[in-house]
Amino acid sequence: MCALNSKIPVGPVDKKWTDYKDHALLVNPSNKRSIDVIVIGSGLAGASAAASLAEMGYAVKCFCFQDSPRRAHSIAAQGGINAAKNYKNDGDSTYRLFYDTIKGGDYRAREANVHRLAEVSAAIIDQCVAQGVPFAREYGGLLDNRSFGGTQVQRTFYAAGQTGQQLLLGAYSALSKEISKGSVKMYNRHEMMDVVNVNGKTRGVIVRNLVTGKIERHGGHAVLLCTGGYGNVFFLSTNAMGCNVSAAWKAHKRGAYFGNPCYTQIHPTCIPVSGDHQSKLTLMSESLRNDGRIWVPAKLEDAKAIQQGKKKATELAEADRDYYLERRYPAFGNLVPRDVASRAAKERCDAGHGVNATGEAVFLDYAAAFERYGHIEANKRNLVNADSATIIAMGKEVVKEKYGNLFDMYQQITGENPYEVPMKIYPAVHYTMGGLWVDYELMTTVPGLYALGEANFSDHGANRLGASALMQGLADGYFVIPYTIGNYLANDIRTGKIPTDTPEFDEAEKAVKDRISFFVNNKGTRTVDHFHKRLGKVMWDKCGMARNAKGLTEAVGEIRAIREEFWKDVRVPGSESDFNPELEKACRVADFLELAELMCLDALSREESCGGHFREEHQTEEGEAKRDDVGMAFVSAWEFAGDPGKAVLHKEELVYENIKVVQRSYK
């Protein structure tokens, strides 16, 4: 058993990080060349960490299961990246970003980590601009900003609707430079199958070459897991289909505690489910809430007519529309945090006001934005007598500049033109705030094993603010781990190369081969997707947007039954010695089937509602989340004990010294 030690530095919160860096241990440049660091994952956190550590002189190996680091899921992020630069002169500051992040996470994040994130945010933008990331700019050439949910300032830097792609290309360029120098050895199409601990420290990994099927051993003085989140436990999510929990779950089973697994984020702005044929859902950037207005028909008869195709959205007068976010939360309106917006959409749809055939959709309308931007453009051009059609056309051109690729994507998927009719959106699983528990140095409870970006739990509490995922991934990789890893490696310089011909590596490799052999030789009758879909439905219905004790208890039993059937009746075609996506999927779903039970147990243990964790037993009269700041102000850190159902709960108490803890209000 490991006692939790968050290693938070003493002193004022705004001095902790500076003081830490001033006193952190250093590694001699000549010694760095003999220290091997393994990075699993090549998204924003992985690519930035691998490039930074290699440039510092460490010998780095970087692994990704995609065919190129450019294919990491960070590429899918759309709306932007936060930074406290106050370019709009609207009152932003490091403290304000710190405060918004703590409040947005419903007071369930660690103060010291969040303040550090806010501190380094401005440097991230400078770094990315230097790399050539094409952020949007105002007419005069300055970087532009827009608003995101949960804030009242404009601090989100963006590159149209493809910010993640551009940031990843920037990180990839830094990584490529180190690859060309020989400082980083890149292993594409390799998946981590297990971590290897020797004498209580992580000393390497077992990986599988996904093309040849070969199992490989790699030793290292430290291992960094930069492997993203676990939203695909729900089957349908906005994540790429390859996103998985396996690396983090293998680390958990090797001693790394899992933090807050029940904290999953439901994104309010996704294209609704259209049928059983779907394997994933599509995110429509939260940035669209910056200019779009969300509404449903105020009258049930109008909603019913729209659901049946008898009436169009454009036929409803303003008086017959319920802009429910603006009505319920006038101070923030359509820019309330994601958890609040998602629950509000669900409430309206549950009440019968949904706007698609299933009744599970609301409108995201840009008509007002077209008119507003059109008038601004007409004034710029001195077109004082422009007619309404001309004004709307000019407004559409402005919106196209800001969000054009998102509008095109929506039309390609739905067949509807969002320039002519409102988009239909509905909440869907997106991000996971939970992840491996890490201390202030981003180290897990296993010495030498680190978790960065979405793979750890550290910065977002119970609900991540929009545009903060990219910020955390790059902060961890560029500006945190280069300082904190030295504190560990400075005491490890005399170890020499880590041998891989040891009993620990033998045992780990055998376990991996045995599992693979089982899957390809099991004579079951059901596909992997059959079990994954069943698991996803249980999780969405009983551990999704709303949870209760009865449903969660039932879910635990149902998950165990699905898992038992999976191991008896799953069928994996193909062989283990070549490229076999079904085999990859089987290994990942096996881990999801264990993680899911822990998520439900964590949700059961947290007797409160906070952020993305909404327990129906704990809500205000207005239907808002009701926290328990006396009994539940802690991080859940779960220790693996041989079976998910036997996991042991450890608690890291959360102490707030700089922010007053109050019930969130966006009214």
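Residues numbered from 1 in each chain as written. Predicted model: local features only at pLDDT ≥ 70, side-chain atom pairs only at ≥ 80, totals over all residues. Heavy atoms only, no water.

> Help me out: how do you make sense of the nonpolar core in this one?
Grouped burial of nonpolar side chains is what soluble globular proteins tend to show. In this structure, Val37, Ile81, Leu224, Tyr450 and Ile485 are the most contacted members of the largest nonpolar core, which totals 181 residues. Element by element, the count of residues in this core is highest for helix H17 (residues 581-605), at 14 residues. For this core, the domains that each give at least three residues are domain 1 (270-427) and domain 2 (502-628). Of all hydrophobic cores here, the second largest spans eight residues; its members include Trp295, Leu316, Tyr323 and Phe363. (Core = buried A, V, L, I, M, F, W, Y, C linked by side-chain atoms within 4.5 Å. Buried < 20%, exposed > 50% of the residue type's maximum accessible area, 1.4 Å probe, protein only. Helix = DSSP H or I, 4+ residues; strand = E, 2+ residues; numbered from the N terminus. Domains from an automatic or database assignment.)

> Is there a simple way to explain the domain arrangement of the chain in this structure?
It is common to give the size of an interface as the accessible area that goes away when the parts come together. The domain architecture assigned to the chain consists of domain 1 (270-427) and domain 2 (502-628). Distance from the C-alpha centre of domain 1 to the C-alpha centre of domain 2: 34 Å. Summed over both partners, the interface of domain 1 with domain 2 buries about 700 Å², with 55% contributed by carbon and sulfur atoms. Considering only the side of domain 1, the residues that lose the most area to domain 2 are Asp339, Arg343 and Lys346, jointly responsible for 57% of the buried surface there. Viewed at the interface, domain 2 and domain 1 are joined by one salt bridge. Ionic pairing is found between Glu624 and Arg328, a salt bridge with its closest N-O pair at 3.1 Å. Linking domain 1 with domain 2 are three residue pairs in polar contact (both at pLDDT 80 or more), by the criterion used here. Elements supplying a minimum of two residues to the side of domain 1 that touches domain 2: helix H10 (338-350) and strand S15 (423-432). Top contributing element to the side of domain 1 that touches domain 2 by residue count: H10, with four residues. (Buried area = accessible area lost by both parts, 1.4 Å probe. Salt bridge = Lys/Arg side-chain N within 4 Å of Asp/Glu carboxyl O. Polar contact = N/O pair within 3.5 Å; in protein donor to acceptor, adjacent residues only side chain to side chain.)

> Is there a simple way to explain the pairing of strand S12 (residues 293-297) in this structure?
A regular strand places its side chains on the two faces of the sheet in alternate fashion. S12 sits mainly inside the fold: four of its five residues count as buried. With three bridges joining them, S12 and strand S14 (residues 362-365) adopt antiparallel strand pairing. Counted as the bridge partner of Arg293 is Asp365 from S14. (Pairing = 2+ DSSP bridges.)

> What is the right way to look at the sheet that holds S15 in this model?
Spatially, five strands are ordered S11-S15-S14-S12-S13 in an open sheet, and the strand pairing comes out antiparallel. A strand with exactly one partner marks an edge of an open sheet, and here the two such strands are strand S11 (264-270) and strand S13 (321-322).

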